[in-house]
Amino acid sequence: MKQNNKLTIHGVNLGNWLVLEKWMSPAVFAGTTAEDEYHLPLQLSKEVYEARIQMHRAEYITERDFVAIRAMGMDTIRIPVPYFIFGDREPFIGCIQELDKAFNWAEKYGLKILIDLHTAPNGQNGFDNGGICGVCKWSQTPEEVEFVLTVLERLAERYGTRDGLWGIEAINEPITERMWKLMDVPNRYPPAEPEMAEGSAPNTMDFLRRFYIQAYDRIRKHTDRYFVFHDGFELLAWKDFMQEDRYTNVVLDTHQYLMMAEAAGCAQTVEAYQAYIQTEYADHIREMQQYFPIVCGEWCLFNSLACGWDTKGGQSVLNGIEGNAEETMSPEQRKEIYQAVAKAQLDAWDEGNGYFYWSYKLLVDTVNEPGWIGWDSWDLGRCVDFGWFPTQRQEEYK
């Protein structure tokens with residue numbers, strides 16, 4: 001495979017804009033017991049659902065946000081989109097017009113876009129961010145695999161020649177066996193309808209390899225921009241994949257969160273985080289860099305140490321876990337922790353080709369709503385404002 005190791009990305013995700021995640025904006029789910037995007041329209045009238053979604057999309061991200069992102073020194077935006085983006089899967093509302101606007105804004109302000117297909121029918125991971133909690137059967141349903149391929153091809157056809165297009169990511173976080181067990185998906189994300197979840201299982205690596213090749217071929221009919229594929233939480237497993245000359249502009253995406261490090265046994269100290277980042281992130285990225293350009297498509301500063309309590313791998317009040325009611329450390333102590341893990345992680349991503357922070361913003365009240373202390377570190381805007389994230393580091397890349 002032809003390499004492009006001069007590629008450098010400093011980006012951010014627009015999480016929770018076109019793909020909802022309840023923890024990032026609980027008010028959208030007000031008046032319902034829905035925990036995911038699939039069940040939200042089932043608990044609201046058609047009129048209320050449509051009005052609520054349209055207002056959320058219009059207000060959550062606007063032109064001004066693209067200006068702010070550019071001012072932070074970022075150059076690329078990863079935009080999660082749902083499988084129903086084209087409005088052809090009732091009762092969900094399409095959002096292709098919002099993506100059209102995003103391209104116009106990006107091109108106006110000198111930004112590039114990575115379109116990230118973030119969900120799949122019947123779920124590709126069982127996470128809330130996959131659109132349906134506890135259900136992971138997409139890869140077992142051939143007609144839905146084909147549907148996803150058609151969505152990717154339509155996106156490539158629509159945006160393939162746009163100046164703002166950086167690339168297209170085939171599917172977000174398709175879970176494989178190790179992460180399925182580590183995250184204990186059925187218990188962490190219990191399904192609202194257990195019968196729907198029957199037969200759920202992690203995706204196999206054989207399936208992912210076949211799917212990625214099919215996705216590459218479909219996308220390549222319309223564009224030669226970057227084709228991005230997620231590692232399935234197995235970064236080192238792809239050394240023999242897409243190495244033939246016919247595969248060009250292929251980028252491997254890995255997602256690395258300190259909360260997952262904690263779930264894997266990493267001690268909750270700055271020193272332990274730094275050691276883990278070096279051995280599990282930096283060293284592995286350096287190793288895989290021989291085969292692909294590597295980007296860390298999702299990461300953040302969040303960690304249990306700065307929260308002041310063990311979050312059990314990033315679980316929150318929405319998981320039934322009660323956090324601290326009061327701060328247990330000073331703003332100076334938290335800033336010191338965040339700056340240390342920011343430097344370590346940014347150094348690790350420099351071993352590859354850059355990163356996309358998760359996420360640009362969230363609408364969680366960490367002051368008045370109990371249990372959310374420490375969760376502001378998921379919000380890049382707050383991290384920049386508080387001096388936790390070193391935006392001056394971006395200046396050299398402008």
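First, a word on what this report is: a plain description of the structure on this page.

Definitions and limits used
- Every chain is numbered on its own, with residues counted from 1 as its sequence reads.
- Restriction of local features to residues with pLDDT of at least 70 applies here, the model being predicted, together with a cutoff of 80 or more for giving and counting side-chain atom pairs; totals for whole chains, interfaces and linings are based on all residues.
- Side-chain metrics rest on all non-hydrogen atoms present in the structure, leaving aside hydrogens and water.
- Runs of H or I in DSSP of at least four residues are treated as helices and runs of E of at least two as strands, each being numbered from the N terminus.
- Only C-alpha atoms enter the radius of gyration, while the globule expectation follows 2.2 Å times N to the 0.38, with N the number of residues.
- Burial classification: accessible surface area is computed with a 1.4 Å probe over protein chains only, and a residue below 20% of its type maximum counts as buried, one above 50% as exposed, and the rest as partly exposed.
- Whether two residues are in contact is decided by their heavy atoms, any of which lying within 4.5 Å being enough.
- Only four residue types enter the tally: Lys and Arg on the positive side, Asp and Glu on the negative side, with His and both chain ends excluded.
- Just so you know, the charge point we use is NZ for Lys, CZ for Arg, CG for Asp and CD for Glu.
- Side-chain atoms within 4.5 Å are what join buried Ala, Val, Leu, Ile, Met, Phe, Trp, Tyr and Cys residues into a set we call a nonpolar core.
- Helix span, as expected, comes to 1.5 Å for every residue beyond the first.
- Only when DSSP finds a minimum of two bridges between them are two strands counted as paired.
- Helix axes use the C-alpha atoms of the stretch in contact, all axes being lines fitted to C-alpha atoms, and the angles between their N-to-C directions lie in the range 0 to 180 degrees.
- Reported orientations rely on four angle classes, namely roughly parallel under 35 degrees, roughly antiparallel over 145, roughly perpendicular from 65 to 115, and oblique for the rest.
- In this scheme the handedness of a crossing depends on how the near helix is turned from the far one: anticlockwise by less than a right angle means left-handed, clockwise means right-handed.
- Definition used for salt bridges: Asp or Glu carboxyl oxygen within 4 Å of a side-chain nitrogen of Lys or Arg.
- Whether a crossover is right-handed comes down to one check: with the strands pointing away from the viewer, does the path from the first strand over the helix to the second run clockwise; if it does, it is right-handed.
- Within 6.5 Å between ring centres, the rings of Phe, Tyr and Trp (the latter by its six-membered ring) count as paired, and their orientation is classed by plane angle as stacked under 30 degrees, edge-to-face over 60, tilted in between.
- Only when the NZ atom of a Lys or the CZ atom of an Arg is both within 6 Å of the ring centre and within 35 degrees of the ring normal do we say a charge sits over the ring.

Quick look at the overall build of the chain now. Check the secondary structure of the chain and you find 13 helices and eight strands. Here the chain has a C-alpha radius of gyration of 20 Å; the compact-globule value for 398 residues is 21 Å, and the two agree. If you line up the chain on its principal axes, its C-alpha atoms span 55 × 50 × 40 Å. Taken across its 398 residues, the chain has 59% of its residues classed as buried. Sequence separation of 24 or more characterises 77% of the internal contacts of the chain that already satisfy a separation of 6 or more. Within the chain, one finds 37 positive and 61 negative side-chain charges whose respective centroids are separated by 5 Å.

Glancing now at the nonpolar core. Ile79, Leu99, Ile115, Phe211, Tyr212, Phe227 and Trp378 are the most contacted members of the largest nonpolar core, which has 126 residues in total. Take this core: its biggest share by element is nine residues, from helix 4 (residues 142-159). Excluding residues that lie within four positions of it along the chain, Ile79 makes contacts with Leu14, Trp17, Leu18, Leu99, Ala102, Ile113, Leu114, Ile115 and Asp116. Grouped together as the second largest cluster of nonpolar side chains are nine residues, Leu7, Leu114, Tyr226 and Phe356 included.

Here the focus is helix 12 (residues 331-350). The terminal C-alpha atoms of helix 12 lie 28 Å apart, and with 20 residues this matches the ideal 28 Å at 1.5 Å per residue to within 8%. Of the residues making up helix 12, those classed as buried are Arg334, Ile337, Tyr338, Val341, Ala342, Ala344, Gln345, Leu346, Ala348 and Trp349. Contacts made by the buried residues of helix 12 are with helix 9 (258-263), helix 10 (270-288), strand 7 (294-298), helix 11 (304-307) and strand 8 (354-357).

Bringing the pairing of strand 7 into the picture now. One face of the sheet, then the other: side chains in a regular strand alternate in exactly this way. The element strand 7 is extensively covered by neighbouring structure, given that five of its five residues are classed as buried. As paired elements, strand 6 (residues 250-255) and strand 7 share four bridges and run parallel to each other. What sits directly across from Leu252, in strand 7, is Ile294.

For any two helices packed against each other, the geometry comes down to the angle between their axes and how far apart the axes lie. Where helix 10 meets helix 12, the closest approach of the two axes is 9 Å, and the angle between their N-to-C directions is 10°. Here helix 10 lies roughly parallel to helix 12, going by the angle between them. By crossing handedness, the relation of helix 10 to helix 12 is classed as right-handed. Taking contact as the criterion, the partners of Val270, Tyr273, Gln274, Ile277, Tyr281, Ala282 and Ile285 in helix 10 are, on helix 12, Ile337, Ala340, Val341, Ala344, Gln345, Ala348 and Trp349.

Tallying each qualifying case throughout the model produces 25 salt bridges. One salt bridge in this structure joins Arg154 and Asp88, with 3.0 Å as the shortest N-O distance. Of this pair, Arg154 sits in helix 4 while Asp88 sits in the loop between strand 2 (76-81) and helix 3 (96-108), placing them 66 residues apart in sequence. Looking at Asp88, the relative accessible area reads 35%, which means it is partly exposed. Where Glu146 meets Arg218, a salt bridge forms, and the shortest distance between an N and an O atom there is 2.8 Å. Separated by 72 residues along the polypeptide, Glu146 in helix 4 and Arg218 in helix 8 (residues 205-220) bring together distant segments of the chain. On the accessibility criterion, Glu146 (35% relative accessible area) is partly exposed.

Of all six residues in strand 3 (residues 112-117), five are buried, a share of seventy percent or more. Of the pairings in the sheet, the one linking strand 2 to strand 3 comprises six bridges and is parallel in character. Counterpart to Val81 in the pairing with strand 3 is Leu117. For the crossover from strand 2 across helix 3 to strand 3, the handedness is right-handed. Inspection of the sheet shows strand 3 paired to strand 4 (residues 165-169) by four bridges, in the parallel sense. Across the sheet, Asp116 pairs through a bridge with Glu169, a residue of strand 4. Regarding the hand of the β-α-β motif, the stretch spanning strand 3, helix 4 and strand 4 is right-handed.

Turning our eyes to something else, we now look at helix 3. Over its 13 residues, helix 3 runs 19 Å from end to end, which matches the ideal 18 Å to within 8%, given 1.5 Å per residue. What helix 3 keeps buried is the set Ile96, Glu98, Leu99, Ala102, Phe103, Trp105 and Ala106. Next to the buried residues of helix 3 lie helix 1 (46-60), helix 2 (63-71), strand 2, strand 3, helix 4 and strand 4. Within two residues after helix 3, Gly110 carries a phi angle of roughly 75°, on the positive side.

Take the packing of aromatic side chains next. For the structure shown, the criterion picks out 40 aromatic pairs. Judged by centre distance (4.6 Å) and plane angle (45°), the rings of Phe302 and Trp375 are tilted. One end of the pair, Phe302, is in the loop between strand 7 and helix 11; the other, Trp375, is in the loop between strand 8 and helix 13 (380-385), and 73 residues separate them in sequence. Like Trp375, Phe302 is buried. An angle of 15° between the planes, with centres 6.1 Å apart, marks the rings of Trp375 and Trp378 as stacked. Residue class for Trp375 comes out buried when judged on its relative accessible area of 3%. Taken together, the ring pairs in this structure connect Trp138, Phe207, Phe211, Tyr212, Phe229, Trp238, Phe241 and Phe292 into an aromatic cluster. When the ring centre of Phe147 is taken as origin, the NZ or CZ atom of Arg89, which lies over that ring, is 4.7 Å away.

Functional significance is not addressed by these values, which are geometric in nature.
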